[in-house]
Amino acid sequence: MFSSKESIEADEESRKTETENEYELSDEAINQNLNRSEATCTLGVAYPGGSSIIRQAINKQGVPEEAIETSMASIGVSTVKSYDAALMKWWIFVYQIKGDVYEPTTKQIMEFLQQEFDRGLSHSSLNIMRLAISFIVNSDIGNDKSLKRFFTGITKLRSSLPKYNTTWNPKDIIDFYSGKLTNDSLAFNDLSYKLITLLAITTDHRLQTLSLIKVKNIKFYENKKETLIPDWIKTTRKNVCQLVLILPVYSPNEKICPATTLKHYLEKTKSIRDI
C-alpha cells in the first residue's frame, strides 16, 4: 500500500490534462515531437497502450477472462490516461533490457526510476511512475524497503513544489461582474460565461463536476438553490453520500448572486431546452 501523501500526489497528478502528463512523463523521442509509434518503432514492436497493459496484468494476476472488463471498470478513464505515458516509458525500458514488464526485480524498477530522475522528473512524476508500475506488477512495491528509501532520498534531493507560487484574487471577478449589466440584459454567451464563473468560485468544484449539472436535479428554495450530482465523479467514494452543490441567494447584490444568475439562465434557455 502507498501512504496517503503519495495517494494525494497521484490524485493531483491525475487531475492534469493528458497533454500535461505526457509532456512531463514523455520519452526523449516524444520530447522531439515524435509520435508514439515512431518512438517504439526503433524497438521493432509497437507500444500496446496503457489500457492493454493493465488488462494483460489483471489477466496474469489470475482474474478469469470473463471478469477482466468488470475489474477494468474499477479504474477511472482519467487514471488510465495519466498512467499511460509512464507505462509507455516503463515498457520501452524493460523491452530494451530484455526484462519482464509484469515481473521486474526491485533493482530494475530502481534503475528505471533513477534514469528518469536523472532526466529531471519531479518527485510527484516519479511517484506517478511508481504507482503506474504497481498497477501491473505482482509484487507489493509500495512496501518495498529499498524503494521507500529511494523515494526518501528523492524527497530530500528534489522535494515537491507547488505548481504556482501566486494566485489571482477572486474579488477582481466579483468587481468585474458588479460593474456589468443586470442578468436579464446580458447576451446569452455573456450570461453563460458569468454563470459558470460564479459557480466555480462559489462551489470550489472542478469543471468536470459543473458539467454534470442537470436541470432536473436543481431544487429551488427561498434562500438557496441546491443541485444534486448523482453521476460518478473524481471524488466519488464508496459509502459516501453523493455531492450536493449549494448556491446561496445573495440579496445585497443580485448581479453577483450565483443563485439568481442560475435562475435567469434557466429562464433564458427554457425555449431552447423545450425544442
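Residues numbered from 1 in each chain as written. Predicted model: local features only at pLDDT ≥ 70, side-chain atom pairs only at ≥ 80, totals over all residues. Heavy atoms only, no water.

1. Thoughts on the overall build of the chain
Broken down by element type, the chain carries 14 helices and three strands. Burial status across the chain gives 37% buried among its 275 residues. Restricting to contacts in the chain with at least 6 residues of sequence separation, those with at least 24 account for 64%. For the chain, the computed accessible surface area is about 16,400 Å², with 55% contributed by carbon and sulfur atoms. (Helix = DSSP H or I, 4+ residues; strand = E, 2+ residues; numbered from the N terminus. Buried < 20%, exposed > 50% of the residue type's maximum accessible area, 1.4 Å probe, protein only. Contact = heavy atoms within 4.5 Å. Areas by Shrake-Rupley, 256 points an atom, 1.4 Å probe, with all protein chains shown as cover.)

2. Quick look at the packing of helix α5 (residues 50–60) against helix α7 (residues 77–96)
The geometry of α5 relative to α7 is characterised by a closest axis approach of 8 Å and an angle of 80 degrees between their N-to-C directions. Considering the angle they form, α5 stands roughly perpendicular to α7. Here α5 contributes Gly50, Ser51, Ile53 and Ile54 to the contact with α7, which in turn contributes Val80, Asp84, Leu87 and Trp91. Along the lines of polarity and charge, the residues of the contact of α5 with α7 split into five nonpolar, two polar and one charged. (Axes fitted to C-alpha atoms, helices over the stretch in contact; angles between N-to-C directions. Parallel < 35°, antiparallel > 145°, perpendicular 65-115°, else oblique. Nonpolar A, V, L, I, M, F, W, Y, C, P; charged D, E, K, R; others polar.)

3. As for the pairing of strand β2 (residues 224–229)
The two faces of a sheet get side chains in turn, since along a regular strand they alternate between them. Bridge count between strand β1 (residues 218–220) and β2: three bridges; the pairing is antiparallel. Its bridge partner lying in β2, Ile218 is registered against Thr227. The antiparallel hairpin formed by β1 and β2 contains three residues in its connecting segment. Relative to strand β3 (residues 243–248), β2 runs antiparallel, the two being bridged by six bridges. When the bridges of β3 are listed, Ile229 appears paired with Leu243. (Pairing = 2+ DSSP bridges.)

4. Here we look at the packing of aromatic side chains
A full pass over the atoms with the stated rule returns nine aromatic pairs. Ring geometry for Trp90 against Phe112: centres 5.2 Å apart, planes inclined by 70 degrees, an arrangement best described as edge-to-face. Linking Trp90 in helix α7 with Phe112 in helix α8 (residues 106–118), this pair joins segments that are 22 residues apart in sequence. Centroid distance Phe188 to Tyr265: 6.0 Å. Interplanar angle 20 degrees. Geometry classified as stacked. Residue Phe188 is located in helix α12 (residues 188–203), and its partner Tyr265 is located in helix α14 (residues 258–273); the two are separated by 77 residues in the primary sequence. Relative accessible area serves as the criterion here: at 33%, Phe188 is assigned to the partly exposed category. Tyr265 sits in the partly exposed class, given a relative accessible area of 23%. One aromatic cluster is present, formed by Tyr47, Trp91 and Tyr95 through successive ring pairs. Over the face of the ring belonging to Phe117 we find Arg158, whose NZ or CZ atom lies 3.9 Å from the ring centre. (Phe/Tyr/Trp six-rings, centres within 6.5 Å; stacked < 30°, edge-to-face > 60°. Lys NZ or Arg CZ within 6 Å of the ring centre and 35° of its normal.)

5. Remarks on the sheet that holds β3
With antiparallel pairing, three strands are arranged side by side in an open sheet as β1-β2-β3. Either end of the sheet is taken by a strand with one partner, and the two such strands are β1 and β3. Sheet twist, expressed as the mean angle between neighbouring strand axes with direction ignored, is 20 degrees.

6. Examining the confidence of the model for the chain
In this model, the chain carries a mean pLDDT of 82, and residues with pLDDT of at least 70 account for 82%. When mean pLDDT is compared element by element in the chain, α8 scores highest at 95, while helix α2 (residues 18–25) scores lowest at 39. For residues 1–35, every residue scores under 50 in pLDDT, and the model assigns this stretch 63 contacts once sequence neighbours within four places are set aside. Per-residue pLDDT stays below 50 along residues 38–42; that stretch engages in seven contacts with residues further than four places along the chain or on separate chains. (pLDDT = per-residue confidence, 0-100.)

7. Section: the pattern of salt bridges
Counted according to the given criterion, the structure contains eight salt bridges. Note that Lys89 and Glu116 form a salt bridge whose closest N and O atoms lie 3.1 Å from each other. In this pair, Lys89 is assigned in helix α7 and Glu116 in helix α8, connecting sequence segments 27 residues apart. Of the residues examined, Lys89 reaches a relative accessible area of 3% and is grouped as buried. Residue Glu116 is classed as buried on the basis of its relative accessible area of 1%. Notably, a salt bridge pairs Glu111 with Lys107, separated by 2.5 Å at the nearest N-O pair. One end of the pair is Glu111 and the other is Lys107, both in helix α8 and four residues apart, which spans about a single turn. For Glu111, a relative accessible area of 35% gives the class partly exposed. Take Lys107: its relative accessible area is 56%, and that puts it in the exposed class. Taken together, the salt bridges that share partners define one network made up of Lys89, Glu116 and Arg119. (Salt bridge = Lys/Arg side-chain N within 4 Å of Asp/Glu carboxyl O.)

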